[in-house]
Amino acid sequence: MNTDIFASLEVWFVVGSQHLYGPEALEQVAANGAKIAAALDQSPQLPVQVVFKPIVTTPEEVYNVCQAANSAADCIGLIFWMHTFSPAKMWIAGLQALQKPFAQLHTQFNAEIPWATIDMDFMNLNQTAHGGREFGYIGARLRAARKVIVGHWQDAEVLARLDVWMRAAAAWHDMQGARFARFGDNMREVAVTEGNKVSAQMQFGYAVNGYGVGDLVEKVNAVTETAVSDLIAVYEDSYTLVPALQADGARRQSLRDAARIELGMRAFLEEGGFKGYTDTFQDLHGLKQLPGVPSQRLMADGYGFGAEGDWKTAALLRAMKVMSAGLAGGTSFMEDYTYHFSANGDKVLGAHMLEICPSIAAATPRLEIHPLGIGGKEDPVRLVFDSQTGPAINASVIDLGSRYRLIVNTVDVVPTDEPLPRLPVARALWVPQPNFKEGVAAWILAGGAHHTGFSLSLTAEHMEDFATMAGVEYLLIDEHSTLAEIKKELKWNDVYYHLGLGIR
Ligand code: MN
C-alpha cells in the first residue's frame, strides 16, 4: 500500500495559552507555534500534513476548535501544545466534545536554557514544564484517551513518536465508516472468529455485512477474456511461473480461472466501496477455486483480508495496512501453523492454506498450483515464497463478550533452518518474545487467535496508539514480559474494563 492514503489528511496543531501575559507575549506564542507547526509539516519523517490553527486562550476558543475538528472530514487528530500556562478548566468542554484522537506534545520552543541571559521574561514565555502538567491533569481527570510525547520538537525521537501516532490516527480515521464484505459465514463451529458485529461497529466504527457468493460469481463471470489475458501478463511480469502455468503449460486454464476470480473480486470490492473482505472454503458455490493469488494480491494493494470468515482480522489487517503505508517490510494475514521444537531453539512456522501477502516476500514469489485438501474445488493457484526476516509483530483482536482485547506479540523472524522444497504455501518462521515458551503461553492465556495481522513494518507502539484511539484493551507480550505479570494484568484488566466501560 502506498502513501497516497495520507495525501489529503491533516493533523491540526493547536497551541494553548491565556490572556494573562498581554498581547505581545501572545503574538510571540503564536509565532513560535506557527514555526513548530511548519517544521512538523515539512518534516520528511511525518507522513501527514500539519495545519497550524490560531492559538486558543478562552473556553470558547477551545470548544470551537474541537467542534471544528469533529466536523472536518480530513482532520484525523490534533496535537496540543501548551507553550505557556493555559488554565485547564478552559479545556473541559472542548475535550469532552472532541471526537478525534489527540496527542499532547510536551515540548518547549527553546531547547537550551540561555544561562547568562535568562530572566523572568524568558521564564514566563517558556512555561511548558508546568503548563503541560496542568493540561495533563485535566486529561487524567477526564480519563481522556491520548498520547503524551515528551522532548524538544526538533528531536528525531520526538518525530518518530509523532510519526507512529499519525499513522495510527490515519488508520483510525480510515476505519470510521469503513465497509467489510463477507462471502459466506465464518468456518462452522470455530469460536475465535465469531463476534458481535453490532458491538464491533459501536467500538471500531466499521460495518460488516454478508453477501451471497453468487453475487461475487456474477462479477467473476462478467470478466472479459481480454481482461484476463492482460492480468496474466502482469502475473508474468511480477512472478516466476512454474512450467505448468506458463503459456503452453498443462494447467494454464487454472491460471486464467484464478485471474478471472481476482478481477471479479476487484470489481465487487471497488463497486461496493469495501476496504476488506472475508471468504471461506466452506462456501464457494460457483467459484472454481478458493481464491489464492487473488486474495494475496488484493492484500498487497491494501485490502484487509480474513480467511474462514474472520472479519475481525480482516478489519485489523486493513488498519495495519494503512499504518504501514510506505514503510519497508510488509504486512500480511497470518496463522500460527506448525512448531519446530529443537535443541537449537523453538520456533513457529507461520503460513496459511494460501493467503499470505506478497508484501512480506524476501524475493520474487513463485506462482504455483497444487491441490487443496479441503473445500472440494479445483486446485488453487497461489504465490509461494519465504518471508523477509527481522523484528515483527503479530496482532489479534478477540471478542470477550463485553469488550474487545487487542493482543500484540513482538517476534523475531528468522531464516528457515533448511529450504522447504515440498511446502506449497508462503511462510514465515519466527521466535516469539520474550521467549517461545512464555510468549506462546501468554498468548494462549490471553485468548489470542490463531489468525493474526503480521507485520515487519509496524512496531507494538503503532498498535498501542491504535488501541488507545479505539478505547479497547491492549495486551503487549514483548521482551520485557513475564508470564507471572501477564497473568496478573489479565485479571486486573478484567476488573478495570468491567468498571471503566460500564453497561454497553
Ligand atoms: Mn485459518
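Overview of the structure. Along each chain, residues carry numbers from 1 onward, in the same order as the chain's sequence is written. At least 70 in pLDDT is required for a residue's local features to be given in this predicted model, at least 80 for side-chain atom pairs to be given and counted, and no such filter applies to totals for whole chains, interfaces and linings, which use all residues. Heavy atoms throughout the structure, all of them, feed into the side-chain values; hydrogens and water do not.

Mapped onto the elements, Arg-405 comes out in strand 16 (residues 404–414). Burial classes: relative accessible area under 20% of the type maximum marks a residue as buried, over 50% as exposed, and values in between as partly exposed (1.4 Å probe, protein chains only). Arg-405 gets classed as buried once you look at its relative accessible area, which sits at 5%. What qualifies as a polar contact is a pair of N or O atoms within 3.5 Å, subject to a donor-acceptor requirement within protein and to the restriction that residues adjacent in sequence count only when both atoms come from side chains. At 2.8 Å, the side chain of Arg-405 forms a polar contact with the backbone oxygen of Ala-446. Per the convention used, a helix needs a DSSP run of H or I reaching at least four residues, while a strand needs a run of E reaching at least two, with both numbered from the N terminus.

Time to look at the nonpolar core. Grouped together as the largest cluster of nonpolar side chains are 63 residues, with contacts concentrated most on Phe-13, Leu-40, Phe-204, Tyr-206, Leu-406 and Met-463. Here this core takes 11 residues from helix 6 (residues 156–175), the largest share from any one element. Note on definitions: a residue-residue contact is assigned when non-hydrogen atoms from the two residues lie within 4.5 Å. The residues touching Leu-406, leaving out its near neighbours within four places in the chain, are Leu-316, Ala-395, Ser-396, Val-397, Met-463, Ala-467, Val-472, Glu-473, Tyr-474 and Leu-475. The nonpolar core is taken to be a set of buried Ala, Val, Leu, Ile, Met, Phe, Trp, Tyr and Cys residues, with the residues joined through side-chain atoms within 4.5 Å. Formed by 32 residues, the second largest nonpolar core is a distinct cluster that contains Leu-245, Ile-356, Val-381 and Trp-430.

Turning next to the pattern of salt bridges. The salt bridge definition used is simple: a Lys or Arg side-chain nitrogen within 4 Å of an Asp or Glu carboxyl oxygen. Going through the model one piece at a time under the given rule, you end up with 23 salt bridges. For the salt bridge of Arg-260 with Glu-225, the shortest nitrogen-to-oxygen distance reads 2.6 Å. Here the residue Arg-260 occupies a position in helix 10 (residues 252–272), and Glu-225 occupies one in helix 9 (residues 225–238), the gap between them amounting to 35 residues. Look at Arg-260 and you get buried, because its relative accessible area is 15%. Classification of Glu-225 as partly exposed rests on a relative accessible area of 46%. Salt bridges here are not isolated pairs; linked through shared partners, they connect Lys-147, Arg-161, Glu-461 and Asp-465.

Turning to a nonpolar patch on the surface, a few remarks are in order. Like-charged residues within 9 Å of one another, or nonpolar side chains (Val, Leu, Ile, Met, Phe, Trp, Tyr) within 5 Å, are grouped into patches, provided each residue has over 30% relative accessible area and no salt bridge. Only the protein chains shown count as cover for residues, and all accessible areas are computed by the Shrake-Rupley method using a 1.4 Å probe. A cluster of nonpolar side chains, Ile-113, Trp-115, Ile-118, Met-120 and Met-123, forms an exposed patch at the surface whose accessible area comes to about 550 Å². Tracing the chain through its elements places Trp-115 in the loop between strand 4 (102–106) and helix 4 (120–125). Assessed through its relative accessible area of 70%, Trp-115 is described here as exposed.

By definition, two strands form a pair when at least two bridges between them are found by DSSP. Strand order in the open sheet formed by 4 strands is 7-6-9-10, and the pairing between neighbours is parallel. Both edges of this open sheet fall to strand 7 (207–211) and strand 10 (304–306), since each of them pairs with a single strand only. Pairs of neighbouring strands in the sheet enclose a mean axial angle of 20°, with direction left out of account. Where strand 9 (residues 276–278) meets strand 10, 3 bridges bridge the pair, whose relative direction is parallel. Its bridge partner lying in strand 10, Gly-276 is registered against Gly-304. Axis geometry follows a simple rule: fit a line to the C-alpha atoms, using only the stretch in contact for helices, then measure angles between N-to-C directions, giving values from 0 to 180 degrees.

Right, let's get into unusual backbone geometry. Here Gln-433 and Pro-434 are connected by a cis peptide whose omega angle stands at 5°. Unlike most non-glycine residues, Arg-143 shows phi in positive territory, near 55°. Following the sequence through the fold, Arg-143 ends up in the loop between helix 5 (128–141) and strand 5 (147–150). Positive phi is not limited to glycine here, since Glu-308 has a value of about 50°. With respect to the secondary-structure elements, Glu-308 resides in the loop between strand 10 and helix 12 (311–323).

Function cannot be read off these values alone, since they describe shape.
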